[in-house]
Amino acid sequence: MERVSTTALLPESFQGARDDITDQIGFIWGQIKAPLIVPLLKVAVFICLSMSVMLFVERVYMAVVISFVKLIGYKPEKRYKWEPIRDDVEIGNSAYPMVLVQIPMYNEKEVYQLSIGAACGLSWPSDRIIIQVLDDSTDPVIKNLVELECQRWASKGINIKYEIRDNRNGYKAGALKEGMKHSYVKECDYVAIFDADFQPEPDYLWRTIPFLAYNPDIALVQARWKFVNSDECLMTRMQEMSLNYHFTVEQEVGSSTYAFFGFNGTAGVWRISALNEAGGWKDRTTVEDMDLAVRASLRGWKFVYVGDLKVKSELPSTFKAFRYQQHRWSCGPANLFRKMAMDIARNNKVTLWKKVHVIYNFFFVRKIVAHIVTFIFYCVIMPATVLVPEVEIPRWGAVYIPSIITILNSIGTPRSLHLLVFWILFENVMAMHRTIATFIGLLEIGRVNEWVVTEKLGDGVKGKAATKAIKKPRFRFGERLYLSELGVGAYLFFCGCYDLSFGKNHYYLYLYLQSFAFFIMGFGYVGTFVPNS
């Protein structure tokens, strides 16, 4: 029996239409490729390479500075006056500054007991400390639980205040601002701030307050975060690597060179007079902490980062919560840069070099360039060059610079060096959300002021019931689909296939791996899954 070709089985009209469409697409591509696509792609490659060099120089600069700081043992206790605050027989406890401890929270059912308990356990004269719980909870059950917890500690002799308000205007900034209006705050010299999932050690105030007490030009003392759930899943390990670089290098370098860095919003102590002089809390962006830090710095105040003082905290372990957090952390700085760039440039109270550091290093390179180049260059432009072989990326830009940057970024977490490839792929996926958020902040559109409180699981995921739920999740198909990740993953996979078949760049191995990372996260198979979360 003669073989029948598949072409023979298709209607001639369909074959003709298919051929016509293919020919038309090929014709259009040929017409626009040389005069339009190639020049645009060359310009994009040039811009991305320039941004890569900016980021590379910034990372090398910080590596040199942090190496010098570690080599000479340039600790904050050596740079500033620090000695223990001692008892005074004549004036008694009045020798100790009055400290306010603020704990803002919103429906924090899983962690409210941990944070309140840790704050009430701080070692400091009982008549010289006030614990202020700022509860914005909208769930009446949770609100009642938090109030009962405050009453329980008050019955033990702790000076604790439970404060609520009838709205959530300004979110966290609004709560902190409202908390500072109470009459008893006027007695306080310093304010320590802890988010609801943070648990300071008892000696926290003993180690931070002396910096403020003996150095009148210091406004902020910032401690490092320690992550209690970094081993919960692969996603939390990836977050630990990124944040450890931030604390080990970025914060340390900023503190050691320009006495400036971004306040992390928690685990820090502020001089109240400096906070007020800077204009207090403002809710114009989603990074009220960074906003306050920049304004205080422009008035000449100094910041100190104490890297060996760690405060336990929790990383978001669900992908949904992490995406929301990264949107806020990326959109807010970009929007703040838009609002404050000219104010910083016109400021006369700080040196030119400090203004350059804040505008260029702190904002432009770290908060804007880093996000954009990571996604646009490595997940959009580089794959596109596979389809347009007339445009080439030099090896130093495609391989050497990103490799060195990656190695420098990984030094903060030596125990996770074997996860470096996973971290690269994970960060490239998250760079998509950070890039989108950055443009939203710069253009001040859409979700620019969106504030979603990061979900905390506390000890809940460690319980048997929760563990069982996590092992056997029940969800509808499509409940965890993220279309943007899937779309980029499909684009990278197509480029990988094209490079394998027709290309000469040998990018296909990277493109396949990166596309799989987008697919895995696009289908929601990352992080801890909590049903109905």
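Look above for the structure.
The structure displayed is predicted, hence computed values, not measured ones.

What counts and what doesn't
Position numbers for residues count from 1 along each chain, tracking the sequence in the order it is written. Local features are withheld for residues below a pLDDT of 70 in this predicted model, meaning they are given only at 70 or higher, and side-chain atom pairs are given and counted only at 80 or more; totals for whole chains, interfaces and linings count all residues. Side-chain descriptors were evaluated using all non-hydrogen atoms of the structure, hydrogens and water having been removed beforehand. Numbering of helices and strands runs from the N terminus, with a helix taken as a DSSP run of H or I at least four residues long and a strand as a DSSP run of E at least two residues long. The size measure is the radius of gyration over C-alpha atoms, and the globule rule it meets is 2.2 Å times the number of residues to the 0.38 power. Buried residues are those whose accessible area, probed at 1.4 Å on protein chains only, stays under 20% of the maximum for their type, while exposed residues exceed 50% and partly exposed ones sit between those limits. Two residues qualify as a contact provided that any one of their heavy atoms is within 4.5 Å of a heavy atom in the partner residue. Each accessible area is a Shrake-Rupley estimate made with a 1.4 Å probe; only the visible protein chains count as cover when residues are assessed. Positive charge is attributed to Lys and Arg, negative charge to Asp and Glu, and no charge count is given to His or to the chain ends. Taken as the charge location is NZ of Lys, CZ of Arg, CG of Asp or CD of Glu. Only protein atoms enter the 1 Å grid, on which a cavity is a set of points fitting a 1.4 Å probe that cannot get out and a pocket is an open set with protein on both sides within 12 Å along at least 5 of 7 lines, lining residues being those with an atom within 4 Å of a point. Grid points are joined across faces, edges and corners, and a volume is the space filled by probe spheres set on the points. Under this grouping Gly is polar, as are all residues other than the nonpolar Ala, Val, Leu, Ile, Met, Phe, Trp, Tyr, Cys and Pro and the charged Asp, Glu, Lys and Arg. For our purposes a nonpolar core is just a set of buried Ala, Val, Leu, Ile, Met, Phe, Trp, Tyr and Cys residues, chained together by side-chain atoms within 4.5 Å. Note on pairing: two strands pair once DSSP finds at least 2 bridges between them. Each axis is a line fitted through C-alpha atoms, taken for helices only over the stretch in contact, and angles between the N-to-C directions span 0 to 180 degrees. Here a patch means residues that are over 30% exposed by relative accessible area and free of salt bridges, tied together within 9 Å if like-charged and within 5 Å if nonpolar (Val, Leu, Ile, Met, Phe, Trp, Tyr). Within this document, salt bridges are pairs made up of a side-chain nitrogen of Lys or Arg and a carboxyl oxygen of Asp or Glu, the two lying within 4 Å of each other. Pairing of aromatic rings covers Phe, Tyr and Trp, the last through its six-membered ring, and needs centres within 6.5 Å; plane angles under 30 degrees mean stacked, over 60 mean edge-to-face, and all others mean tilted. Geometrically, a lysine NZ or arginine CZ counts as sitting over a ring once it is within 6 Å of the ring centre and also within 35 degrees of the ring normal.

Engineer: What am I meant to see in the overall build of the chain here?
Structural biologist: Looking only at helices and strands, one finds 17 helices and seven strands in the chain. Scaling as 2.2 N^0.38, a compact globule of 533 residues should have a C-alpha radius of gyration of about 24 Å, and the chain matches this with 27 Å. Along the three orthogonal principal directions, the C-alpha set of the chain runs to about 110 × 55 × 40 Å. Classification of the 533 residues of the chain by burial places 53% in the buried group. Considering only contacts within the chain whose residues lie at least 6 apart along the sequence, 82% involve residues at least 24 apart. Summed over its atoms, the accessible surface of the chain is roughly 25100 Å², and 60% of this surface lies on carbon and sulfur atoms. Each charge class in the chain was averaged separately, 60 positive and 52 negative side chains, and the resulting centres sit 2 Å apart.

Engineer: Any chance you could explain empty space enclosed by the protein here in plain terms?
Structural biologist: Gaps left between atoms are located by rolling a probe of water-molecule size over the structure's atoms. Per the stated rule, a full pass over the model turns up one cavity of 30 Å³ or more. Taken as a whole, the largest cavity encloses approximately 40 Å³ of empty space. Contributing to the lining of the largest cavity are H246, E250, Q251, G262, F362, R366 and K367. Secondary-structure elements contributing two or more residues to the lining of the largest cavity are α8 (234-257) and α12 (352-387). Grouping the amino acids of the lining of the largest cavity by side-chain chemistry returns one nonpolar, three polar and three charged.

Engineer: Any chance you could explain the nonpolar core here in plain terms?
Structural biologist: In globular proteins that are soluble, nonpolar side chains generally tend to be buried together. Ranked by size, the top nonpolar core spans 144 residues in total, and within it I116, Y204, W270 and F303 carry the most contacts. Those residues within four positions of I116 in sequence are excluded, and the remaining contacts are I103, M105, V133, V146, E149, C150, W153 and I160. Judged by nonpolar contacts, the second largest core, of seven residues, contains M62, V65, Y245 and V249.

Engineer: Before we go on, may I ask you to explain the sheet that holds strand β2 (residues 129-135) in this structure?
Structural biologist: Think of a sheet as strands paired side by side through backbone hydrogen bonds, with each pair either parallel or antiparallel. Judged by pairing direction, the sheet is mixed, and its seven strands sit side by side in the order β3-β2-β1-β4-β6-β5-β7 without closing on themselves. Because the sheet does not close on itself, it has two edges, and the strands there are β3 (160-163) and β7 (302-313). Looking at each pair of strands side by side, their axes are set apart by 20 degrees on average, direction ignored. The sheet contact formed by strand β5 (residues 218-227) and strand β6 (residues 268-271) spans three bridges and is antiparallel. Residue pairing for β6: Q222 is matched across the bridge by G268. Of the strands in this sheet, β1 (99-105), β2 and β3 are in contact with helix α4 (residues 112-120), which crosses β1 at around 180 degrees. Along the sheet, α8 makes contact with β5 and β7, crossing β5 at roughly 155 degrees.

Engineer: It is not clear to me how unusual backbone geometry should be interpreted in this structure. Could you clarify?
Structural biologist: Most of the time, phi is negative for any residue but glycine, and the peptide bond is trans. Positive phi is not limited to glycine here, since A267 has a value of about 60 degrees. Secondary-structure assignment places A267 in the loop between α8 and β6. Here A267 falls in the buried class, since its relative accessible area comes to 0%. One non-glycine residue, E444, lies in positive phi territory at about 55 degrees. If you trace the backbone, E444 turns up in the loop between α14 (420-443) and α15 (464-471). Residue class for E444 comes out partly exposed when judged on its relative accessible area of 33%.

Engineer: Quick question: what am I supposed to make of a nonpolar patch on the surface here?
Structural biologist: A cluster of nonpolar residues, F27, I28, I32, L36 and L40, forms a patch on the protein surface that exposes about 480 Å² of accessible area. Considering the arrangement of structural elements, one finds F27 in helix α2 (residues 12-72).

Engineer: Explain the pairing of β6 here, please?
Structural biologist: Each regular strand shows side chains that alternate between the opposite faces of the sheet. Side-chain alternation along β6 places G268 and W270 on one buried face and V269 and R271 on a second face that is also buried. Where strand β4 (residues 190-193) meets β6, four bridges bridge the pair, whose relative direction is antiparallel. In the sheet register, Y190 faces β6, and the bridge partner there is R271.

Engineer: Got a minute to help me understand a positive patch on the surface in this structure?
Structural biologist: A grouping of K177, K282, R299 and K349 is seen on the molecular surface, where their side chains present a positively charged patch. Relative to the helices and strands, K282 is located in the loop between α9 (272-277) and α10 (288-298). By relative accessible area, K282 is classed as partly exposed at 33%.

Engineer: Quick question: what am I supposed to make of the pattern of salt bridges here?
Structural biologist: Oppositely charged side chains may form a pair once their charged atoms are brought near each other. Per the counting criterion, the structure on display carries 19 salt bridges. One salt bridge connects D231 with R237, and the closest N-O pair in it is separated by 3.5 Å. Residue classification places D231 among the exposed residues on the basis of a relative accessible area of 55%. Between E240 and R415 there is a salt bridge whose closest N-O contact spans 2.9 Å. Of this pair, E240 sits in helix α8 while R415 sits in the loop between α13 (395-409) and α14, and the two are 175 residues apart along the sequence. Beyond isolated ion pairs, a larger network of salt bridges with shared partners links D231, R237, E240 and R415.

Engineer: Would you take a moment to explain α10 for this structure?
Structural biologist: Note: α-helices contain 3.6 residues per turn, so residues at a spacing of three or four share the same orientation. Burial runs high along α10: eleven of the eleven residues are buried. Taken together, the buried positions of α10 are occupied by E288, D289, M290, D291, L292, A293, V294, R295, A296, S297 and L298. Taken together, the buried residues of α10 touch α6 (171-179), β6, α9, β7, α11 (319-346) and α12. Taken from the residues just after α10, G300 is the one with a positive phi, measuring 95 degrees.

Engineer: Can you walk me through the packing of aromatic side chains in this structure?
Structural biologist: The geometry of an aromatic ring pair comes down to the distance between the two centres and the angle between the two planes. Taken as a whole and judged by the stated rule, the model has 26 aromatic pairs. Taking 4.8 Å as the distance between ring centres and 50 degrees as the angle between the ring planes, the aromatic pair formed by W124 and W206 counts as tilted. Highlighted residues: W124 in the loop between α4 and β2 and W206 in helix α7 (residues 204-214), separated in sequence by 82 residues. By relative accessible area, which is 8% here, W124 ends up buried. The class for W206 is partly exposed, based on a relative accessible area of 27%. Against the face of Y74 rests R79, its NZ or CZ located 4.9 Å from the ring centre. Sitting over the face of the ring of W153, K156 holds its NZ or CZ atom 4.5 Å from the ring centroid.

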